[in-house]
Amino acid sequence: MSLVWTDIQDIAIELSDAKPDVDPTYVNFVDLRNWVMELPDFNDDPNRCGEKILEGIQAAWIEEAK
């Protein structure tokens, strides 16, 4: 499975598994963007990411962490 920026829910699940000790509420967008790009299944153009996408990923990750 190959992830792209718009796979927000799947990315949130992967981040939750990869960073179990991180509280996503306090993650800054620079770290979030880097961590998404480091996911083994992630394969998308880094330039296609914007603030709205990162907000969506962070919100989904917060829900996943609950």
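So, a few notes on the structure that sits alongside this text.

The rules behind these values
Within every chain, residues take consecutive numbers counted from 1 along the sequence as written. Totals for whole chains, interfaces and linings use all residues, but because this is a predicted model, local features are given only for residues with pLDDT of at least 70 and pairs of side-chain atoms are given and counted only at 80 or more. Side-chain descriptors were evaluated using all non-hydrogen atoms of the structure, hydrogens and water having been removed beforehand. What counts as a helix is a DSSP run of H or I of at least four residues, what counts as a strand is a run of E of at least two, and both are numbered from the N terminus. By definition here, a helix of n residues has an expected span of 1.5 Å times n minus one. The buried label applies to any residue whose accessible area, calculated with a 1.4 Å probe on protein chains only, is under 20% of its type's maximum; exposed applies above 50%, and partly exposed to all values in between. The directions considered for the arc are those from the helix axis to the C-beta atoms. By definition, residues are in contact when any of their heavy atoms lie within 4.5 Å. For this analysis, a nonpolar core means a set of buried residues of the types Ala, Val, Leu, Ile, Met, Phe, Trp, Tyr and Cys, connected via side-chain atoms within 4.5 Å. Whenever a nitrogen or oxygen atom comes within 3.5 Å of another N or O atom, the pair is scored as a polar contact, on the condition that within protein one atom can donate a hydrogen and the other can accept it, and that pairs from neighbouring residues in sequence are kept only if both atoms are in side chains. The rule for a salt bridge is simple: a side-chain nitrogen of Lys or Arg has to be within 4 Å of a carboxyl oxygen of Asp or Glu.

**Description of helix α3 (residues 51-65)**
Turning to step 1, where the next piece is worked out: Between its first and last C-alpha, α3 extends 21 Å over 15 residues, near the 21 Å set by a 1.5 Å rise per residue.
Turning to step 2, where the next piece is worked out: Along α3, the residues that are buried comprise Ile53, Leu54, Ile57, Gln58, Ala60 and Trp61. The arc that holds the buried residues of α3, viewed along the axis, is 165 degrees, so those residues lie on one side. In α3, the exposed positions that point more than 90 degrees away from the buried face belong to Glu51, Lys52 and Glu63.
Turning to step 3, where the next piece is worked out: Summarising the contacts, the buried residues of α3 are in contact with α1 (8-18) and α2 (29-38).

**What to know about the nonpolar core**
Turning to step 1, where the next piece is worked out: In terms of nonpolar packing, the biggest core is built from 17 residues, with Trp5, Ile11, Leu15, Leu32, Val36 and Ile57 touching the most fellow members.
Turning to step 2, where the next piece is worked out: The element contributing the most residues to this core is α3, with 5 residues.
Turning to step 3, where the next piece is worked out: Residues within four places of Val36 in sequence aside, it is in contact with Trp5, Ile11, Leu15, Phe42 and Ile57.

**Brief notes about α2**
Each full turn of the α-helix corresponds to 3.6 residues, which orients residues three or four apart in the same direction.
Turning to step 1, where the next piece is worked out: Of the positions making up α2, those classed as buried are Leu32, Trp35 and Val36. Taken end-on, α2 shows its buried residues confined to a sector of 100 degrees, consistent with a single buried face. Away from its buried face by more than 90 degrees, α2 exposes Val30 and Glu38.
Turning to step 2, where the next piece is worked out: At its buried positions, α2 is contacted by α1 and α3.
Turning to step 3, where the next piece is worked out: At the N-terminal boundary of α2, the capping side chain belongs to Asn28, with an oxygen 3.0 Å from the backbone nitrogen of Val30.

**Quick notes on the pattern of salt bridges**
Turning to step 1, where the next piece is worked out: Applying the stated criterion across every chain, the model contains 2 salt bridges.
Turning to step 2, where the next piece is worked out: With a shortest N-O distance of 3.2 Å, Arg48 and Asp44 are connected by a salt bridge.
Turning to step 3, where the next piece is worked out: A relative accessible area of 53% means that Arg48 is categorised as exposed.
Turning to step 4, where the next piece is worked out: Taking the shortest distance from any N to any O, the salt bridge between Glu63 and Lys66 comes out at 3.3 Å. Lys66 shares its class with Glu63; the two are exposed.

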